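# Residue-level structural notes
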Amino acid sequence: MSGGKMGKLRVGLLFGGRSVEHAVSIVSATSILRALDRSKYSISLIAIDPTGRWHLAEEDAVLAEVADEKGDGRVFLPAVPGGTTLVPEDSTALSAIGALGDATRLDVVFPIIHGRGGEDGALQGLLELAEVPYVGSGVLGSAIQMDKDVAKRLLEAAGLPVTPWITFRPGELDRIGLEAAATRVADGIGWPVFVKPANSGSSIGISRADSIPELIAALADAQRYDRKVIAEKAIDAREIEVAVLGNDEPEASVPGEIRSAHAFYDYDAKYLDDATELVIPAPLAPEETAILRSLALDAYRALDAEGLARVDFLVDRETNDFYINELNSLPGFTDGSMYPKLWEASGLPYPALLDRLIALALERHDHRMRLETRAPGDPRET
Ligand SMILES: Nc1ncnc2c1ncn2[C@@H]1O[C@H](COP(=O)(O)OP(=O)(O)O)[C@@H](O)[C@H]1O
Ligand SMILES: [Mg+2]
């Protein structure tokens, strides 16, 4: 691993993206940029604009400007191993980034792109082909954590508690019609239900339904965000989250609780409303805390998570039953976000958390590079 200037590791902070969570990603990246230890790292800002183009800038640039599709410095990452070097798109980009010098050579990438195209394995596939170490789960772990249907199936197969659900595969809602689909959900699950695009995030496309007309509207809305849609039993629940960190030997943080004044933890509650309160550690009996931490680690392993993930629980207010709601492979990283706050409360301050995530990325990459690529008897030289 070659360090950049003065032996500093060059971190490519990759943010923005084409998903509905573009703006959230910019806020997360702003926090990370502020907390990265500049005595250890030089930073290349790499924004993916809403059209999917990549823009490179030095660490003192304004993130929202870098992520603007009209911005210059357009680069791409060739999907071939070796260089881990960003290439200017054309001569305009070349002159724009000409002065950036070392910024094109990345030692490790910190992708903080939420949702589709960032958290679903696609980006991880590109980084694998380019042989760049990167923070977080690999292709498989990212994809299965993102897909709420596949994640539930695997959690259930591992004997972990999930809420009952029904999946409508791509095309199925069109084929059977929304009314028949709503009846199937009402008969199979009862009321109330949550309807979700299988792949989304930040509560976008998610709604609660208490009647057939609401359910039909909810299914139609969810379908706008993903062709695969799930409906699941709504729980009157406390929302508890646990942060997990590590590769082969993951560790779980103290649990935290989200208290939202909204009917559920929707997009506005997540990002626009100061009334949402994070209670850390979550008020729980010691044995409940122990069970949640252990379930979080089991879920992390069941979904092939690496580096980090936030494991979100629903705790039934009546029965006190625990359900794993979802895992987030690249959780929110803003100043107010649960993931970094949980580690802070567990004794790991934000800058040290970032050091650890980068070290885990390098470790994972190192393990991968050691894997045998030759068949037995292959005459190629090493
Ligand atoms: N089965 C459920 N019962 C009760 N509330 C739920 C249920 N599923 C989702 N919610 C509410 O909706 C929010 C968003 O759902 P979630 O599955 O976490 O999607 P996202 O990936 O968008 O965060 C949750 O934080 C919670 O407030
Ligand atoms: Mg969630």
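Each chain carries its own residue numbering, running from 1 in the written order of its sequence. In the order they appear in the text, chains get letters beginning with A and ligands get numbers beginning with 1. With pLDDT at 70 or above as the cut-off, local features in this predicted model cover only qualifying residues; side-chain atom pairs require 80 or more to be listed or tallied, and sums for whole chains, interfaces and linings still use all residues.

### Observations regarding the overall build of the protein chain
Where we set the bar: In this description a helix means any DSSP run of H or I spanning at least four residues, a strand means any run of E spanning at least two, and both kinds are numbered starting from the N terminus. Three exposure classes are used, all based on how many other C-beta atoms lie within 10 Å of a residue's own C-beta (placed from the backbone): buried at 20 or more, exposed at 12 or fewer, and partly exposed between those limits.
Within the protein chain, the secondary structure is distributed over 13 helices and 16 strands. Viewed in the frame of its principal axes, the protein chain has a C-alpha envelope of about 60 × 55 × 50 Å. Counting every position in the protein chain, which comprises 382 residues, the buried fraction comes to 43%.

### Describing the site of ligand 1
Our working definition: Proximity of a residue to a molecule or strand is defined by its backbone-placed C-beta atom lying within 6 Å of that partner. Residue polarity follows a fixed list, in which Ala, Val, Leu, Ile, Met, Phe, Trp, Tyr, Cys and Pro are nonpolar, Asp, Glu, Lys and Arg are charged, and the others, Gly among them, are polar. Delimitation of the domains relies on an automatic or database domain assignment.
Taken together, 20 residues sit near ligand 1, with F194, A234, I235, F264 and Y265 positioned nearest. Of all the secondary-structure elements, those providing two or more residues to the shell around ligand 1 are strand 8 (193-197), strand 10 (229-233), strand 11 (237-246), strand 15 (307-316) and strand 16 (322-328). Of the residues that constitute the shell around ligand 1, the class distribution is eight nonpolar, six polar and six charged. Counting only domains with at least three residues in the shell around ligand 1, you end up with domain 2 (164-233) and domain 3 (237-368).

### Let's talk about the nonpolar core
Inside soluble globular proteins, nonpolar side chains tend to come together where they are buried. Counted only if it meets this: Buried Ala, Val, Leu, Ile, Met, Phe, Trp, Tyr and Cys residues whose C-beta atoms connect them within 7 Å together make up a nonpolar core. Residue pairs are scored as contacts if the distance between their C-beta atoms, which are placed from the backbone, is within 7 Å.
Grouped together as the largest cluster of nonpolar side chains are 80 residues, with contacts concentrated most on L13, F15, I112, V244 and V311. A domain split of this core shows at least three residues from each of domain 1 (5-134) and domain 3 (237-368). Setting aside residues no more than four positions away along its own chain, I112 makes contact with L13, L14, F15, S25, S28, A29, I32, L330 and F333. Judged by nonpolar contacts, the second largest core, of 20 residues, contains F194, I206, L219 and A231.

### Comments concerning the pairing of strand 16
Defined as follows: By the convention used here, strands pair only if DSSP detects at least 2 bridges between them.
For strand 16, a buried count of six out of seven residues is recorded, marking the element as mostly surrounded by other parts of the structure. Direction of pairing for strand 15 relative to strand 16: antiparallel, over a ladder of six bridges. Bridged to R310 within strand 16 is N328.

### What to know about the domain arrangement of the protein chain
Parsing the protein chain into structural domains produces domain 1 (5-134), domain 2 (164-233) and domain 3 (237-368). Taken together, the four residues of domain 2 in the interface contact six residues of domain 3.

### Here we look at the sheet that holds strand 1 (residues 9-16)
Whether parallel or antiparallel, the strands of a sheet pair through hydrogen bonds between backbone atoms. For clarity, the cut-off: To obtain an axis, a line is fitted to C-alpha atoms, over the contacting stretch when the element is a helix, and the angle between two such axes runs from 0 to 180 degrees between their N-to-C directions.
Read from one edge to the other, the open sheet built from six strands follows the order 5-4-3-2-1-6, with strand pairing classed as mixed. In this open sheet, the two strands that pair with only one neighbour each are strand 5 (87-88) and strand 6 (108-111). Relative to strand 2 (residues 41-48), strand 1 runs parallel, the two sharing eight bridges. Bridging across to strand 2, G12 finds its partner in S44. Along the sheet, helix 1 (residues 22-35) makes contact with strand 1, strand 2 and strand 6, crossing strand 1 at roughly 155°.

### Remarks on the packing of helix 8 (residues 178-188) against helix 9 (residues 212-223)
Under the convention used in this document: Helix crossings are classified by the rotation of the near helix relative to the far one: an anticlockwise turn of less than a right angle makes the crossing left-handed, while a clockwise turn makes it right-handed.
Helix 9 packs onto helix 8 with a crossing angle of 115° between their chain directions and a minimal axis gap of 9 Å. Relative to helix 9, the crossing made by helix 8 is right-handed. Along its contact with helix 8, which presents L178, E179, A181, A182, V185 and A186, the element helix 9 presents I212, L215, I216, L219 and A220. Looking at side-chain class alone, the contact of helix 8 with helix 9 contains ten nonpolar, no polar and one charged residues.

### A word on the sheet that holds strand 8
In space, the four strands of this open sheet follow the order 7-10-8-9, with antiparallel pairing throughout. Looking along the sheet, the strands with just one partner apiece sit at the ends: strand 7 (165-168) and strand 9 (207-209). For this sheet the average axis-to-axis angle between neighbouring strands, irrespective of direction, equals 25°. The pairing of strand 7 with strand 10 spans four bridges and is classified as antiparallel. Bridging from a neighbouring strand, T167 pairs with I230 of strand 10. Sitting on the sheet, helix 9 is in contact with strand 8, strand 9 and strand 10, with an inclination near 20° to strand 8.

### Quick look at helix 9
The criterion, for reference: Take the number of residues in a helix, subtract one, and multiply by 1.5 Å to get its expected span. Working definition: the arc comes from the directions between the helix axis and the C-beta atoms, pointing outward to the latter.
Over its twelve residues, helix 9 extends 16 Å from the first C-alpha to the last, a length consistent with the 16 Å expected when each residue adds 1.5 Å. Residues of helix 9 that are buried: L215, A218, L219, A222 and Q223. Projected onto a plane normal to the axis of helix 9, the buried residues spread over an arc of 130° and lie on a single side. Its buried side turned inward, helix 9 meets helix 7 (172-176), helix 8, strand 8, strand 9 and strand 10.

### Considering the environment of Y225
Along the chain, Y225 falls in the loop between helix 9 and strand 10. For the pair Y225 and A96, spaced 129 residues apart in sequence, the C-alpha separation works out to 36 Å. Once residues lying within four places of it in the same chain are set aside, the contact partners of Y225 are P197, S200, I204 and G205.

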